[in-house]
Structure formats: C-alpha cells, structure tokens
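If you want the building blocks of each chain, they are given just below.
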Amino acid sequence: MKSLIGLMLMTLSFTAAAGTISSKSSWEAINKSYDHVVRTPSVPGQALGGLFNICVDGDNLRTISPVKYCVEGRQVEVNQGEGSIGYEWVCDKFEESHAAMPRLTTVPECAEWVNEGDNVFCAKFTTKPYLIPLSYVLDVESYGGEAGFRLAFRKALEIPACK
C-alpha cells in the first residue's frame, strides 16, 4: 500500500514538472506559456516582426512567416462631438509577403552633447554602421501574483538560417 501511494505521488510530481517552463524548455513552449514573458532587446531587426519571426538569409534578415501590410488606404476625418479632432489612416487592401532587411544598417549616435543648467541633451547626431547580432541572451520572467513579473531565468537565442 505504501509503495502504491509513493508511486502515485511520484507520478503526480513528474506530471507537474512536465508542465513547468525552465531554461531547458523550447522557445516555442516558453512563448506559448501564459505565465511567462520574454523581454527582448530593442534591435533594428524587430521591425520585421520580432526576434522570433526572423531568420538569416545570407547578409539579410527576413521573416519566417509572411507579414501583412497595407497596399491601399485613405485618410478619414475623425470627429468628436461637433468638431473634427484630426485624421486617421484606414487601410482598404492588405497583402502578405516575406519582409527582408540587410543585417548591416546604421544607428544614430550623438556627436555633440550640450549642458544647459541641469539639462544635458544631444545637439548634433551622426550615424554609425551597425551589424545586427545573431545571438542573444534573453530574460524570461514569470508571473509572481501581486508582485508582478520577476526574472525566472535567462536563455540563449540564436537567429536560425532561413530554410
């Protein structure tokens, strides 16, 4: 009887552990989890739909899944009460295709900082070349109730080659 109870408890603990997200879980399982959030860095490649939807195609990054974009649209006046408050873009026709961009891009960099009293700001910008990296270490946070999200673990992500 004791061995039967022990076997049942062991089975329940394995079942609970099987549903647990950890650093050994696949990115697919982590992204499907409702209790976890992946904090991704802001990189130029995110313009293609995020780090999980891009692959490397030679010297370019392209989307794994096609992205939807507007090909025909118009501005519509937005009214509130008796007056107009501006215009809003309304898309009439969408198309889907794979988007791509070169890995080598440029990023702004401050060339001249200015101090005015307690304020420090950039008075002149320049651009510098930037090669979008293919390797990242991302923070995976888990929901901790009233405390909000807290760091659960860090996991490496390699941008795959396109198929």
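Data block above holds the structure.
Residues numbered from 1 in each chain as written. Predicted model: local features only at pLDDT ≥ 70, side-chain atom pairs only at ≥ 80, totals over all residues. Heavy atoms only, no water.

### Brief notes about the pairing of strand β7 (residues 104-116)
Here is step 1 of the chain: As paired elements, β7 and strand β8 (residues 119-131) share twelve bridges and run antiparallel to each other. Across the sheet, E112 pairs through a bridge with K124, a residue of β8.
Here is step 2 of the chain: Hairpin remark: β7 followed by β8, antiparallel, with two residues in the connecting loop; positive phi at G117, about 65°. (Pairing = 2+ DSSP bridges. Helix = DSSP H or I, 4+ residues; strand = E, 2+ residues; numbered from the N terminus.)

### Some points on the sheet that holds strand β9 (residues 135-143)
Here is step 1 of the chain: Taken in spatial order, the three strands make up an open sheet running β1-β9-β10, and their pairing is antiparallel. In this open sheet, the two strands that pair with only one neighbour each are β1 (36-39) and β10 (149-158). Across this sheet, the average inter-strand angle for adjacent strands is 30°, counted without regard to direction. (Axes fitted to C-alpha atoms, helices over the stretch in contact; angles between N-to-C directions.)

### Some remarks on the state of the cysteines
Among covalent bonds in proteins, the disulfide is the one between the sulfur atoms of two cysteines.
Here is step 1 of the chain: Following the criterion strictly, the structure yields three disulfides and no others.
Here is step 2 of the chain: The partner cysteine of C55 in its disulfide is C162, sulfur to sulfur 2.0 Å. For the disulfide bridge between C55 and C162, the dihedral angle about the S-S bond is near 95°, and by the sign convention the bridge is right-handed. Here C55, found in strand β2 (residues 54-57), pairs with C162, found in the segment after β10; they are 107 residues apart in sequence, far enough to count as distant. Taken individually, C55 and C162 each receive the classification buried, so the pair is uniform in this respect. (Disulfide = S-S within 2.5 Å. Buried < 20%, exposed > 50% of the residue type's maximum accessible area, 1.4 Å probe, protein only.)

### Describing the sheet that holds β2
Here is step 1 of the chain: Here we have three strands laid out as an open sheet, ordered β2-β3-β6, and antiparallel in their pairing. Both outer strands of the open sheet, β2 and β6 (100-102), are each paired with one neighbouring strand and no more. In this sheet, neighbouring strand axes are inclined to one another by 30° on average, regardless of whether the strands run parallel or antiparallel.
Here is step 2 of the chain: In the sheet, β2 pairs with strand β3 (residues 60-63) via four bridges, with the strands oriented antiparallel. Paired with C55 across the strands is R62, a residue of β3.

### Points about the packing of aromatic side chains
Pairs of aromatic rings are described using the distance from one ring centre to the other and the angle between the two planes.
Here is step 1 of the chain: All chains considered together, the criterion is met by two aromatic pairs.
Here is step 2 of the chain: Arranged with centres 5.2 Å apart and planes meeting at 55°, the rings of W27 and F52 form a pair that is tilted. Taken together, the residues W27 in helix α2 (residues 27-32) and F52 in the loop between β1 and β2 connect sequence positions 25 residues apart.
Here is step 3 of the chain: For W27, a relative accessible area of 14% corresponds to the buried category.
Here is step 4 of the chain: Judged by its relative accessible area of 33%, F52 is partly exposed.
Here is step 5 of the chain: Sitting above the plane of the W27 ring, K155 keeps its charged end 5.7 Å from the centroid. (Phe/Tyr/Trp six-rings, centres within 6.5 Å; stacked < 30°, edge-to-face > 60°. Lys NZ or Arg CZ within 6 Å of the ring centre and 35° of its normal.)

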